[in-house]
Amino acid sequence: MSAALRWITAVAGSAAAFLLVAVPWASLAPGGDDPWDVIGPVAGVVAAGALAALGWWATRADATTGGGVRRVHQSARGGGDITQTAGDHGTGAGRRRRPARENVRQKAGGKGTGTIDQTGGNRF
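These figures come from a predicted structure and were not determined experimentally.

**Some thoughts on the overall build of the chain**
Along the backbone of the chain there are three helices and four strands. Listed by position from the N terminus, the elements making up the chain come as α-α-α-β-β-β-β. Per-residue burial for the chain yields a buried fraction of 21% across its 124 residues. Pairs at least 24 residues apart make up 69% of the contacts formed inside the chain by residues separated by at least 6 positions. Just so you have it, the chain exposes about 8,300 Å², and 59% of that area is on carbon and sulfur atoms.

Here's what the structure looks like:
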């Protein structure tokens, strides 16, 4: 689901939350227009809470689709020193936003004597 569609769903869900509180309350409360002095603000708070929750969900569009997953696959073979590094190095203020999930796979095999050093994940 795209981010725009998620935001449309969030706004529609907020409006539905307002109506779910306001309509039954107004239809069951006696007294004409007077209950709307209370019903409106209470239903508005419920709608604002629903929009906050659904808005948070809408901002996570990249994390739950395939776009938020970084895949790193490395393979090495050799008889000497092998060093493999994957993931973020924590480059400071200019670093990009970290993906929600990472899929780091490393495989190394050496024949004879040698050193193999593999590092994966985030190093901040």
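**Comments concerning a nonpolar patch on the surface**
A surface patch of nonpolar side chains, amounting to about 300 Å² of accessible area, comprises Trp 25, Val 38, Val 42 and Val 46. In terms of residues, the nonpolar patch owes the most to one element, helix α2 (residues 36-59), which gives three residues. Along the chain, Trp 25 falls in helix α1 (residues 3-28).

**Quick look at the environment of Pro 35**
Structurally, Pro 35 is set in the loop between α1 and α2. A sequence separation of 13 residues divides Pro 35 from Ala 22, and the C-alpha atoms of the two residues are 9.9 Å apart. Here Pro 35 is in contact with Ala 29 and Pro 30, once residues within four sequence places are set aside.

**Section: the packing of α1 against α2**
Following both chains from N to C, one finds α1 and α2 inclined at 155°, their axes separated by 8 Å at the closest point. With respect to α2, the element α1 is oriented roughly antiparallel. Handedness of the crossing formed by α1 with α2: right-handed. Its residues assigned to classes, the contact of α1 with α2 comprises 21 nonpolar, seven polar and one charged.

**Overview of α1**
For α1, with 26 residues, the first-to-last C-alpha span of 38 Å sits near the 38 Å given by 1.5 Å per residue. Within the span of α1, buried status applies to Arg 6, Ala 10, Ser 14, Ala 17 and Ala 22.

**Overview of the side chain of Ser 14**
Structurally, the position occupied by Ser 14 is in helix α1. Setting aside residues no more than four positions away along its own chain, Ser 14 makes contact with Ala 47, Ala 50, Leu 51 and Leu 54.

**Comments concerning the environment of Arg 60**
Summarising the element assignment, Arg 60 is placed in the loop between α2 and α3 (61-64). A residue is classified by how much of its surface remains accessible, and Arg 60, at 35% relative accessible area, is partly exposed. Here the alpha-carbon distance between Arg 60 and Arg 6, two residues 54 residues apart in the chain, equals 9.2 Å. Polar side-chain contacts of Arg 60 include one of 2.9 Å to the side chain of Thr 59.

Cut-off values and rules
- Residues numbered from 1 in each chain as written.
- Predicted model: local features only at pLDDT ≥ 70, side-chain atom pairs only at ≥ 80, totals over all residues.
- Heavy atoms only, no water.
- Helix = DSSP H or I, 4+ residues; strand = E, 2+ residues; numbered from the N terminus.
- Buried < 20%, exposed > 50% of the residue type's maximum accessible area, 1.4 Å probe, protein only.
- Contact = heavy atoms within 4.5 Å.
- Areas by Shrake-Rupley, 256 points an atom, 1.4 Å probe, with all protein chains shown as cover.
- Patch = residues over 30% accessible without salt bridge, like charges linked within 9 Å, V, L, I, M, F, W, Y side chains within 5 Å.
- Salt bridge = Lys/Arg side-chain N within 4 Å of Asp/Glu carboxyl O.
- Axes fitted to C-alpha atoms, helices over the stretch in contact; angles between N-to-C directions.
- Parallel < 35°, antiparallel > 145°, perpendicular 65-115°, else oblique.
- Left-handed = near helix turned anticlockwise from the far one by under 90°.
- Nonpolar A, V, L, I, M, F, W, Y, C, P; charged D, E, K, R; others polar.
- Expected span 1.5 Å × (residues − 1).
- Polar contact = N/O pair within 3.5 Å; in protein donor to acceptor, adjacent residues only side chain to side chain.

In short, the description is geometric, and any link to function would need to be established separately.
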